[in-house]
Structures are given as C-alpha cells and as structure tokens.
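Examination of the molecular architecture
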Number of protein chains: 4
Amino acid sequence: MSPSSNPHPPETMSAALLHGIRDIRLASVPVPHPGPGEVLLKIASVGVCGSDVHYYLEGGIGDAIVKEPIIMGHEFSATIAALGAGVEHLEVGQLVAVEPAINCGHCEMCLTGHPNLCPHVRFCGTPPIDGVFTEYAVMIAENCFPLPAGMSSVAGALLEPLGVAIHTIDLSHLKVGQTVAVLGAGPVGLLVAAVARAAGASAIYMTEPVAERRAFARSYIADEVFDPTEEDVAAKVLAATQGRGVDVSIEAAGAMDSPEQAAEMVRLGGTLVLCGIPVDDSLTLTASLIRRKGLTIKMVRRMKHVYPRAIRLVARGMVDVAPLASHFFTLDNIQEAFEMVAGYQDGIIKAVVQLAP
Amino acid sequence: MSPSSNPHPPETMSAALLHGIRDIRLASVPVPHPGPGEVLLKIASVGVCGSDVHYYLEGGIGDAIVKEPIIMGHEFSATIAALGAGVEHLEVGQLVAVEPAINCGHCEMCLTGHPNLCPHVRFCGTPPIDGVFTEYAVMIAENCFPLPAGMSSVAGALLEPLGVAIHTIDLSHLKVGQTVAVLGAGPVGLLVAAVARAAGASAIYMTEPVAERRAFARSYIADEVFDPTEEDVAAKVLAATQGRGVDVSIEAAGAMDSPEQAAEMVRLGGTLVLCGIPVDDSLTLTASLIRRKGLTIKMVRRMKHVYPRAIRLVARGMVDVAPLASHFFTLDNIQEAFEMVAGYQDGIIKAVVQLAP
Amino acid sequence: MSPSSNPHPPETMSAALLHGIRDIRLASVPVPHPGPGEVLLKIASVGVCGSDVHYYLEGGIGDAIVKEPIIMGHEFSATIAALGAGVEHLEVGQLVAVEPAINCGHCEMCLTGHPNLCPHVRFCGTPPIDGVFTEYAVMIAENCFPLPAGMSSVAGALLEPLGVAIHTIDLSHLKVGQTVAVLGAGPVGLLVAAVARAAGASAIYMTEPVAERRAFARSYIADEVFDPTEEDVAAKVLAATQGRGVDVSIEAAGAMDSPEQAAEMVRLGGTLVLCGIPVDDSLTLTASLIRRKGLTIKMVRRMKHVYPRAIRLVARGMVDVAPLASHFFTLDNIQEAFEMVAGYQDGIIKAVVQLAP
Amino acid sequence: MSPSSNPHPPETMSAALLHGIRDIRLASVPVPHPGPGEVLLKIASVGVCGSDVHYYLEGGIGDAIVKEPIIMGHEFSATIAALGAGVEHLEVGQLVAVEPAINCGHCEMCLTGHPNLCPHVRFCGTPPIDGVFTEYAVMIAENCFPLPAGMSSVAGALLEPLGVAIHTIDLSHLKVGQTVAVLGAGPVGLLVAAVARAAGASAIYMTEPVAERRAFARSYIADEVFDPTEEDVAAKVLAATQGRGVDVSIEAAGAMDSPEQAAEMVRLGGTLVLCGIPVDDSLTLTASLIRRKGLTIKMVRRMKHVYPRAIRLVARGMVDVAPLASHFFTLDNIQEAFEMVAGYQDGIIKAVVQLAP
C-alpha cells in the first residue's frame, strides 16, 4: 500500500451533533483510536434514516430519549483507515459496509441467534452511543463487510435499510408466487417491496399519501399504488385480489391507521408484519377482525446476520438500491437533509450525506 | 341394541331461544330429521361458553349480531339417537363429543388445513345457525367422536373449550421446560394453563381479578396467581422470572388492559397469544414495547382437527377437565346459568346445562 | 358459444396403453361421460414425466406395479368439452390446466392440509387409474384451472412439474439471497432451479451427467453446472462457496450417489430436499456426515394447492417454462417419445405429446 | 467460606487415559490452572456416554479418531474449586452441572443460534480435547450452571444426556397429545421418552433388544416396549395405533435396521428424528417408503442452550433422571464400567463414575 492511501488520520474531525429538537450543530471533536479487534473508519456515505428523523423531530423514540448532544447516523459505508491490534481479515483502503449494532455476544438472545434483540446492544447513533455523521469512527472489525468490486459507497450505505427489509421478508415467511401489500413508500417500504419482488412476490400493492412517492413506487417496484388520503386502500387491494386479500401485509408507514388497513387487506390466515414506527407509540387494531382472520403478527426489530445476503442481492442485481438515493448532502448542509426528509420535500426518498467518495 | 335404548324420538322438543339481550325463553320446536351423512343427537351435556355470554349480554360479537331468536350452545356431548343414510362408523346409543363447526371443505382455508378459518363455516349456536340448548339436534356424522369407556358426558362437553386450549398452545410453539403466563382464570384460561402444563411448561403464572377464581386456579394448575386489581401483575411475573419474563404469554381474559400486561411480562423474542374476546372489540398495545421485544403475536380462532388429541389427553389423565364443571343447570333454569356466569357468582367456573345423562 | 366450438364428442377415441415394459399400444376405447361435478376434457398437451418413464422401463415404482394395461399421462392441459351436472365456474371451450390428483377430502391428511399425502388419492395415470395419453378424459371440475389469456396449452401442461418444483422450494424454506444446489438437470431439476431463482436464490449450482443438458441448464438458469462423471461435484460447489456449502441442496437426479453428493455440498445446519426417484428404491447416506452437519432432510411427494401460484409465476414471466418443451410428439409416435426420454437422446428435456392445440 | 471447604488443589491428580481400543490406564497428570473467565472444577459425577463407548471399542467415530492418549468423559457435574480472573457469577464450593461444548462464538453457526454445529467447537473428551474422567478440570465459567438446592451431583451429570434428549424433542416439533415411538432403550432413548412424556406425548412405544432394558423401559416410561429380535416392531406399533402410525419416530438405538423400522412406524407426513450413532456410519432407508409418506428427517447433533430448561424439568420432577444411574464406579474400576456398558451386562443403564460427592 502506498503511503498516500493511508495518510495518518488527523487529530480532530468535524461532527454533526444533535443538541435537541431540530437543532444540529457542527463541532470539532477528537478522532478516536481503534482498540484491539477494532478498525478506524473514514466514513464515506451515510443515509438519513426515519429513526434519525424521529430523534430530530421529537427528541426520542418511546423511552429512548436524547439527553446529551449526540452524533446520529448508522446507515453507512466507509473506508478502512487503520487497523487495531489483531485485525487480520481487513485491509487499509478497503471499502466496507458496516453493520451498526454491536451485540454483547453472551446474553440469551445473542446465544440463541437473535442478536437484534440483545438488551446490551450498543447501536451507532442511538442514545447514548455516537453514530457516524462525522469524518471518522471506530468499529469492531467483524461488523465490517468488504464490498465487491463495482459496488459504490452509496449502495454500501443502503445495505443497512436493505438489511431491515430482508429481515422483514424473512419474518413474513413469504412463499414464491404469493402476493404482498406494503403500506408506505418511504425508503424502508420501497426496499421491503424490492426484497419481496426478489423473493418471488407475484403482485405487490403499495399505499402512500405523498404523490411523488407514489410515482416513484410505481416506476421502481409496485404493481399498483393507492393513496390512503383519497382511496379506501383496503378495498382497493381486496378488489385487486378478487376479494381474497394478500398473503402478507407489511406496515412500513408508521401512520396510526395503517396497521388496521394492513389487517383489512390481508387474507384469512395471513401474516401482518409491522416495521413502521408510529409517532404515537401505539398499535390499535380491531380485535374481531384480526381474530376471525386468525392472523399472525410479527414485529420487526432491526436485523440479524443478513449483510452477506444483502451484498449478494445487490451485487447480482436482484435488488436495485441505487434509485433510492435521491438527494445528496454534506456535513455542512446536513440539517437541510433532515428538514427535507421530515417534510417529504422535492420527492425526496433517501437523503445521503456524502463525506468521502 | 334393545328397543328401549333407541325409542323413536318425539315430534317436538323443548329449546331455549335467545330473543334479545338477557332474554332467553323456552319454546317447543320440531325435532329435526337427519339427512344423508347426518345423525340425530340426543343432547347430553352443554357448557355455557364466554361467547354465549357475549351474545346474551350484548346481543352480538363484533358484526355477528343476533337478529332472530336463536338457540345458542356449542360445547356439548350427546348420544346418537338415529342414523341418517350412509352413516356407518357410528352406532345408535353411543356417547359422543361433537365438534360444533361444519366447514365447507372446498375453500382455500379448508383445502390448506385451516378449517377454523373457513368463511363458509356453519357453527352451532352462532347466528344464524341454531345450537344445542335443546333436547335434540342434527349433526354431520364426521363431527361426532365416540368417547372411550369411562369418559363422562360432562367431560365430553368440555372437550370443546379444551380443543380451543390445545389450538392455543399449538399456536404458541411452547417448548418443553419453558415458562408461561396466562391472563384470566376463566374456563378457557384454566384449560390453556392445563394444556400448557401437559405440554411441559415448567412454570405457569396466572392473573385473575375474581378472588374465588384465583383460589381455584391455584389449586387446579397455577404456580402463582396474581390479582390485576391490586398488583402490578407484569412486575410480579418479571420478578418471579428474575427479570427475564416468560417464554409465552397468553391473554385469555378479554380485559382491555390484559394484552398490554401480557406483552410486558413476555421475554425478548417471545410469543403473545390472544384468545380472549374483549368487550370493546379493540386491541391496543404500546408499539415500542412490542417492537423492541421483537414479539410474535398469534390470534386464536376456534380450533382445527384437535378432538382426537383432546380425547387422549383426558382419557390418559394428562388434563383433568372435571373440576371445571362447577355448577349444573337444566333447560328450565338456563337463564340463571347465564346470569351466574355473567356475574362470576358463587365462584362459578363452567356452567353445564345437563339435558340427559 | 357456437355449436361448432362444442361438437358432440365422439363415442370412441384413441388411447395409448402401456401393456408392459417398453410396450405401448394404441387402442380404441369409449369416450367417458362426466358425472355430477365433473367435466369432459378434450386433452390438449401432455408432458412425459420421469415417473411415466419408470413405469415404461421397469413396470412399476416401488410396490406400485403395472398389472393391467394402463393409460399413463398426468402433466396436462385440456379444453373443456362438456360440463357435468352442477358445474358452474367453468365453461365449455375454456383452456385449463389440470391438477391430476383427486383426493378423498375426508382423511386426516386431507383435513390437515396435506392432500398430497392422501392415502385414498386417485392419481391420473398411476395404477390402477387411467391417465391422459388419450383424446378425452373426465376430471372433477375443481381440479381444472382456467389459463389466463396468452398462456399456451404447452405451458399449461408444464404447470404440473412446475407445481412439484414449487412444493420442493416450499419444503426447502429457502430465504431470499441464499444459495442453492440442484443435482440433476432434467425437467424437474430445471424447474426447481427456476423456482429457486424466482424465490431469490443468489447462486444456483447444478450437476448433470448429460452434456446437452448441462449446456441447456447453463443457458436456462444455472450459475455453474458440473459433470458428476468427470468432476468431484461436491468439491466444486464447496470451492464455489468458499468452503461453506449451499444453504439448500436439492436432489432431483434419482441417481444412487447424488443424495450423498447433495449432503456433502450443503452447509452446516442446511436443508437437503430429495425429489428424485432412484431406480434402486434406496437412500444411502453417510451417517456421521449428516449428523455432524445437523441436517434437515425433506421428502417431496407431489404438491399441494400450488396451481394458483404456478399460474401467476408463469403469467408474470417469473418462471419461463416454454424452453423446456424441447420435443413434440403425437399419440402415433408416443413410444418414440418414451425411448428418447429414456435414452436422453438428442438433448431432449421435456417430451410433449400434442393431442390438440 | 472456611479454608477446609476450599483447600488448595494439589499439584497432580489421577486421570484415566484411553490409549487405544479397550485400553484405559490411570496416570498422574498435573492439575490445570484456570485462566481469565475460567474456573477450576473438582469433578463430582461423570456418566459414561455411548459415544465414549464407541471410542473405547472402535477407537473413533467416523473420522474422529483417537491418535494420542485422551481423557474421555463429558457428562458431568463438579464443585467449583477455584475462580479464574474476572469470574463473578460463581462461587467456590458451588455444585454445578457443566455444558461440555466450548464454542467459538464467532462463526456463522454460533452467530445464528446453532452453537451445536460450530466447526471450531472444543468438546470435552472428544479428540483431541481432554475430558473429565479425572479429579480436576478447567472450564469456562459460562458453561457452569449452579444446581438448585436438593439436586444431586449424579442428577447434575445426567443433565448432559437430558439436554440431548430435549434437543431431540425440540427438533421433532412434537405437539401435546401426539404419539411417539422411540427405538432403543439405552440412556438416551429413555431420556428422549421421558422428555416426550413431559412434553405431552399421549402414547410412547419403544423397541429394545435387551430384555432387562425392556423391563426397565416399561417401569420407567413406556406404554409398550417391543423386542426387535422377536417381533415385527413396526407392525406392532402400527397395530397399536390402529394402522395410523405415530406422529414422531425417534431412532436412538444406533442399530442398522432401526431407521427403516422408525420410518415404517411413523404416520404419513410424520417426523423421523435420528439420534443414534450407527457402528457402520451409514443410513439406509427405502426411498419410496419415505417419499410416499412425505417425511421430514432431522439429525440430532448435541444440543443448544437447553441447560436452564433441563434443570427446571428435573427440579420440578417433570423428568426423573435418578433411576437411570444404575451402576456406580470409581476411577480405579472405570474400565469395568466401559466393559459393562459395552456388554449390556447386569441390566446396566447408565454407568456413573463417582469422583467426589
């Protein structure tokens, strides 16, 4: 490796700190040092997640509250800038996608294959752990997945929401040739639909209140997209399926009435998967509706061990993540990114903060 | 068979008709005739089900409304009184337990092994199909299960709620040695707990607001029973499990706050099974609670093909249904049965209307 | 409908009867009459199945022996020629694909959603039930699935092996992005691979001893195809997967050593699905190999309720069945079809006997 | 703790080394020292496992060959003799049961909840890792499970084969009220049957060629026990189940013909679980039999995370392990233990080597 490819990292770096509701400020902070088994990452691309926006707009999600200024950001790719002691399977200069959850590895959930439920998890950009809207960060080596040649840093950042989408479809037990509804055409809803298509969904119906997102969803993935502000979306899906309903109905909107709509449009004995985060932190459903249908309801919590599959799906072209990265920002205008996402401005799908190539 | 064991059935019989809210009246109605593949049953024992009480107190469940006078009753045993054409595997005089659901056999749900979700089902005692609070009834032969020697007609009637309990435990995917919470110590909650024990639950925690039911639950099946009107039942179960929570949490109370309690007391990655029927016809849960735990939620709808297993569990003594039949009635005082059940009077668990031995 | 579209069927028809090993003879037999709930079908296209060839070459499969001359043939499409009493959802003149299994509908397997295991099944073209290498046949109406506009009769016939392939992938619990091996590139192996691709397999490795089939498999669906007569196919698949092995390994060759190869190339904790029919009627595996890997092994028996999904997969272009129909025959040269398939001649994949458009 | 309860361990200890086929010799070896996160165990009770006997009689299992003298023994309980650095949840003097597998914690199998399949596992008493037929041993702290008051060291040692039995029943997906066959009434077969009973099996049929083991199985757990040397055991089980067969059939004999018998006695669509280790290292089944039944076959490999459940099942009296410990030995006569087990002498079920109380 040439010296130029591995310059000594600087002593300080610029970072975007969330101080409170709608209050992000840049600051100069020390560049961290990787310990044993860790690497120093030079951050490349970072997506703005819906959960980031929850923190930005509301100062928390449920009882996870922002108390101290925090660096958000957990959907990211990076270049390996330095290796901590004992790291052997990575090289300085490699472009990697990074799984943002550091699990304890020793609790019942970790030992039984559910690291996504580890109560001791340290998750990038979730209080009180800093994230990666910053120039450098330290991460354990085993969370870094080298990207195959030709995969961009932006695609690498999008593997994180793609991973959530894969976990969502895993939970749904969708079978090839079955039909799916996805409520909400934000980034997660779109990726869930894309993974459903890759998994063999023979029809995908979506709902979305924002006109530009409906248009995007139609061109990107969906068979039909309905507008919940104008149409009885459950009736539309039932009509499109000759009254039967879809096999799997996935709530990815976080709207208060979309879980009920999702339940109305799923078939008898079907599966309802909830991956949206509602502002009111409440799920309300009609009891007789879901009981008479004998539904199974699955709650999505992050992902588990899906990065290798996510990389293969993108590398083979089975899921196309590139079109979702609709708007690009830098640290300097990051607050604009949050405002645009919060306001669904200009047809924004996924805002990507680009820190390095 | 001696003639005396198979007297010609009479032309008319006495039946209890629900005319409206809290209005049951006896009437004389014609004895029906069995068609091909059917049998005439002389009703023996009939349990009063919680759903019967819903119709009695509220005139309906969800959009299933009592519009015409109806004979309720679907938990029952009977003696074969006459055989319709072509019935070969039954004999006049046999004591049988009877599965109350007549499925269409041809819809997608029936063909894929989910007859409990058949939208064309005709279910005894559910509008507009008459049930068996009456002396005779006609049923298709394949729904009649001969009882082994020594099993009483009362036990036979209790196989129906036992079947629901078996289906509930099937849905829970409980593993031997796991722990269970059951919210509500009415007949279904008690039977769910009994089946959980038979299935290897190593600890069973129950909740119940009625003192006499708590006492019964303790002596019948539970390790501990908590009072939701006096105690923080979720905190109690969490304390009893060293903070971990139970593997499976089953709501069988139909109270508005018990699903949330059930969610609070289940472990990370656990399963929540809902078999209670809430008066308000609404399910409300805290979204972040169930998402962060990554819960699976299962809705119980009747049962599927479990009578053979129910019979074996009772015949082998693995589930003891007898203690649940706490109060006995006849057609003449059937309204008293409903009032007692509705008011949880006198420690009543299961009211049984005894029409014949 | 014009009279010309529904001419009265003739009194007799030509049929191909298997008299014994390698002995098929045409005969004139009476055209059957549809009873209530049945339809008379004018047969369109019929595929020659590997099981047909087993009967042709060996006179039986396991203890299912050909004792009387029998009409084989069960992969087929047809046109409705006449309706029996009470048939309402079909029309004369419709092109339909036909599920060849008539299940009893009343046994434990039928009632629990496993009609493919019904011991009372009557299966077209399996002793002693006649099949459809003939001009007309009677079938129950509910086994007839109208084809959407634009789907050919040949595609309709291929839905039957496609259905087996869908059932195979269902049993495998393949997840999107996982990797698959398919041993054997005959029609079933190719369709299994095609369904695996539709279900999101990110890599498909096949094995096949016949050179022309290897070439076909490469152009049709596979990432790589290995020759078991020249290469250590398990070593090749392990190398292609960096030593890990595939998630799902599917034996569709019926060769004696392919189950062991399938076991060698599957990953730890993987799933082995067996759908080939070996000549020796024996499965032999190394015990320590499959135990140390903790494998799950699934046996494929026909299919269950998958025609609607099969139709959608073909109609949407998610599975392309057309290329498999490589050689066409008529009743007059049907024995040639069997000889060609038996001898893997001329790169034959699927022989189709075309009786009508 | 008084000094007397925690004397300094000696410098050397006595250990039983297997030098080759039927050649065990005592030797004096150094007492090991616990590293960080480890504990020094004073061994209490150690069971002789069937796999130990394979090594003793044949010098290996499959390609796991004894090349250097090795201390066998992995079914054990012990007293904590000393704590390594950083061990906090254990105390010197505690009686613990010990899970004998040390997994890597970082491979795909460990991360996805299948530590029993970890290819990097170090397993006590399996070449080249020494086991515990010796006075002291070092183990990682997290594999040590304190026993509740009143549970004996012998019961603690038996938790290991009980854990295998729990894993076996987990794999079987047995439902409450279903029926089970267990082939082989050695310790694992008996414990599998005991766990099946605890899990709600309503009938348990066993097979066993040794008369004293048949008698023990009858008194311990089984409904009926058949002799494969005198009876057609599959026919017997089919007759006992009115021709239907059992829901789950578990091979725990390791005999060459018992997998085929197990397949014959299981119902259509049933599950076959193989946990025996056959001498010939080969599994052979009739292909048409298992295909027509549409069986699922599961291979048992050790266990995963089941000690807490094992402890609860024994502590609650749901499984009674005590009767299995039929013969007791010391290090001095350990070879006699192996010979007795190998020869099924004197009705031996489980030989326990008692090193300390």
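Attention now goes to the overall build of chain A. A count of helices and strands for chain A gives 10 helices and 20 strands. Radius of gyration (C-alpha) of chain A: 20 Å, near the 21 Å computed for a compact globule of 357 residues. Counting only C-alpha atoms, chain A reaches 65 × 40 × 40 Å along its principal axes. Within chain A, buried positions represent 61% of all 357 residues. Looking at chain A alone, contacts between residues at least 24 apart form 70% of all its contacts between residues at least 6 apart. Treating the 24 positive side-chain charges of chain A as one cloud and the 37 negative ones as another, the clouds have centres 9 Å apart.

Let's shift gears to the interface of chain D and chain B. By a widely used convention, the size of an interface equals the accessible area lost when the partners come together. If you look at the interface, chain D gives 22 residues, while chain B gives 22 residues. Each partner contributes to the roughly 1,600 Å² buried at the junction of chain D and chain B, and carbon and sulfur atoms together form 55% of this total. In this assembly, chain D and chain B are joined by 2 salt bridges. Scanning the region where chain D abuts chain B turns up 12 residue pairs in polar contact (both at pLDDT 80 or more). For the side of chain D that touches chain B, the secondary structure elements donating two or more residues are α3 (153–172), α4 (187–198) and α9 (307–315) of chain D.

This part takes up the packing of aromatic side chains. With the rule as written, the count across this model stands at 16 aromatic pairs over all chains. Ring plane angle 15° and centroid distance 5.1 Å describe the contact between A:F145 and A:Y307, whose orientation is recorded as stacked. Pair noted here: A:F145 is in strand β11 (residues 144–146) and A:Y307 is in helix α9 (residues 307–315), with a separation of 162 residues, a long-range link. Here B:Y56 and B:F338 contribute two aromatic rings whose centre-to-centre distance is 4.9 Å and whose plane-to-plane angle is 40°, an arrangement assigned as tilted. Taken together, the residues B:Y56 in helix α1 (residues 50–58) and B:F338 in helix α10 (residues 334–342) connect sequence positions 282 residues apart. Per residue, the accessibility class of B:Y56 equals that of B:F338, and both read buried. The structure contains a cluster of three or more aromatic residues connected by ring pairs, namely A:Y56, A:F133 and A:F338. Directly above the ring of D:F123 sits D:R302, whose terminal nitrogen or CZ lies 3.9 Å from the centroid.

So, about helix α7 (residues 258–265) of chain B. Burial analysis of α7(B) places 7 of its 8 residues in the buried class, which makes it a mostly covered element. Of all the residues in α7(B), the buried ones are B:S258, B:P259, B:E260, B:Q261, B:A262, B:A263 and B:M265.

Turning chain D through 180° and shifting it by 0.0 Å along the axis lays it on chain B, with an RMSD of 0.0 Å. The operation mapping one copy onto its partner corresponds to a two-fold rotation axis. Rotation axis and chain D: the residue whose C-alpha lies nearest the axis is D:A199, separated from it by 2.2 Å.

On to the relation of the copies chain A and chain B, then. Mapping chain A onto chain B calls for a rotation angle of 180° and an axial translation of 0.0 Å; the resulting RMSD is 0.0 Å. Of all interface residues in chain A, 100% are interface residues in chain B too; the two copies therefore contact each other through one and the same surface.

Here the focus is the pattern of salt bridges. Using the criterion set out here, one finds 44 salt bridges over all chains in the structure. For the salt bridge of A:R244 with B:E108, the shortest nitrogen-to-oxygen distance reads 2.7 Å. Of the two residues, A:R244 is situated in the loop between α6 (233–240) and β15 (246–251) and B:E108 in helix α2 (residues 108–111); the pairing between them involves two chains. Under the relative-accessibility criterion, B:E108 is labelled partly exposed at 26%. For the salt bridge of C:D223 with C:R197, the shortest nitrogen-to-oxygen distance reads 2.8 Å. With C:D223 in the loop between α5 (211–220) and β14 (224–226) and C:R197 in helix α4 (residues 187–198), the pair connects residues that are 26 residues apart, well separated along the chain. Taken together, the shared-partner salt bridges in this structure form one network comprising A:E108, B:R244, B:D247 and B:R267.

The 12 strands are arranged β14(C)-β13(C)-β12(C)-β15(C)-β16(C)-β18(C)-β18(D)-β16(D)-β15(D)-β12(D)-β13(D)-β14(D) in an open sheet whose pairing can be described as mixed. The sheet terminates laterally at β14 of chain C together with β14 (224–226) of chain D, the two strands that pair on one side only. Each strand of the sheet is rotated relative to its neighbour by a mean of 20°, with strand direction disregarded. The pairing of strand β16 (residues 266–274) of chain D with strand β18 (residues 296–299) of chain D spans 4 bridges and is classified as parallel.

With that out of the way, let us pick up the sheet that holds strand β18 (residues 296–299) of chain A. Strand order in the open sheet made by the 12 strands is β14(A)-β13(A)-β12(A)-β15(A)-β16(A)-β18(A)-β18(B)-β16(B)-β15(B)-β12(B)-β13(B)-β14(B), with mixed pairing throughout. Each edge of the sheet is formed by a strand with only one pairing partner; in this case those strands are β14 (224–226) of chain A together with β14 (224–226) of chain B. Here the strands of the sheet are splayed against their neighbours by 20° on average, with no regard to which way each runs. Relative to β14(B), helix α6 (residues 233–240) of chain B is tilted by about 155°, and along the sheet it contacts β13 (203–207), β14 and β15 (246–251) of chain B.

Our focus in this paragraph is α6(B). Each turn of an α-helix holds 3.6 residues, which means side chains three or four residues apart point in the same direction. Residues and elements named next belong to chain B. Taken residue by residue, α6 has V233, A234 and V237 as its buried positions. Down the axis of α6, the smallest arc covering the buried residues is 100°, so these residues share one side. Against the buried residues of α6 lie β13, β14, β15 and α7. Positive backbone phi, approximately 55°, marks Q242, located one or two places after α6.

What follows covers the environment of B:A287. Following the sequence through the fold, B:A287 ends up in helix α8 (residues 287–292). B:A287 sits 64 residues away from B:D223 along the chain, and the two C-alpha atoms are 30 Å apart. In this structure, B:A287 is in contact with A:P278, A:D281, A:S282, A:L283 and A:M299, ignoring residues within four places of it in sequence.

Glancing now at the side chain of B:K350. Residues and elements named next belong to chain B. With respect to the secondary-structure elements, K350 resides in strand β20 (residues 350–354). We classify K350 as buried; its relative accessible area is 2%. For K350, the residues in contact, after removing those within four places along its chain, are G47, V48, C49, E75, L158, P161, P187, L324, A325, S326 and H327.

Residue and element names in this part refer to chain A. We note that the domain assignment places domain 1 (3–146 + 321–354) and domain 2 (164–299) within chain A. The C-alpha-based centres of domain 1 and domain 2 are spaced at 29 Å. Residue-level contacts link 15 residues of domain 1 with 13 residues of domain 2. With both chains or domains summed, domain 1 and domain 2 bury close to 1,200 Å², and 72% of this area falls on carbon and sulfur atoms. Ranking the residues of domain 1 by area buried against domain 2 places L324, Y344 and I349 at the top, with a combined share of 44%. Linking domain 1 to domain 2 there are 0 salt bridges. Here domain 1 and domain 2 share 4 residue pairs in polar contact (both at pLDDT 80 or more) between them. Considering every element that reaches the side of domain 1 that touches domain 2, the biggest residue donor is helix α1 (residues 50–58), with 3 residues.

Analysis parameters
- Residues numbered from 1 in each chain as written.
- Chains lettered and ligands numbered in written order.
- Predicted model: local features only at pLDDT ≥ 70, side-chain atom pairs only at ≥ 80, totals over all residues.
- Heavy atoms only, no water.
- Helix = DSSP H or I, 4+ residues; strand = E, 2+ residues; numbered from the N terminus.
- Rg over C-alpha atoms; globule rule 2.2 N^0.38 Å.
- Buried < 20%, exposed > 50% of the residue type's maximum accessible area, 1.4 Å probe, protein only.
- Contact = heavy atoms within 4.5 Å.
- Lys, Arg positive; Asp, Glu negative; His and termini not counted.
- Charge placed at Lys NZ, Arg CZ, Asp CG, Glu CD.
- Buried area = accessible area lost by both parts, 1.4 Å probe.
- Salt bridge = Lys/Arg side-chain N within 4 Å of Asp/Glu carboxyl O.
- Polar contact = N/O pair within 3.5 Å; in protein donor to acceptor, adjacent residues only side chain to side chain.
- Phe/Tyr/Trp six-rings, centres within 6.5 Å; stacked < 30°, edge-to-face > 60°.
- Lys NZ or Arg CZ within 6 Å of the ring centre and 35° of its normal.
- Least-squares fit on C-alpha atoms with pLDDT ≥ 70 in both.
- Pairing = 2+ DSSP bridges.
- Axes fitted to C-alpha atoms, helices over the stretch in contact; angles between N-to-C directions.
- Arc of directions from axis to C-beta.
- Domains from an automatic or database assignment.

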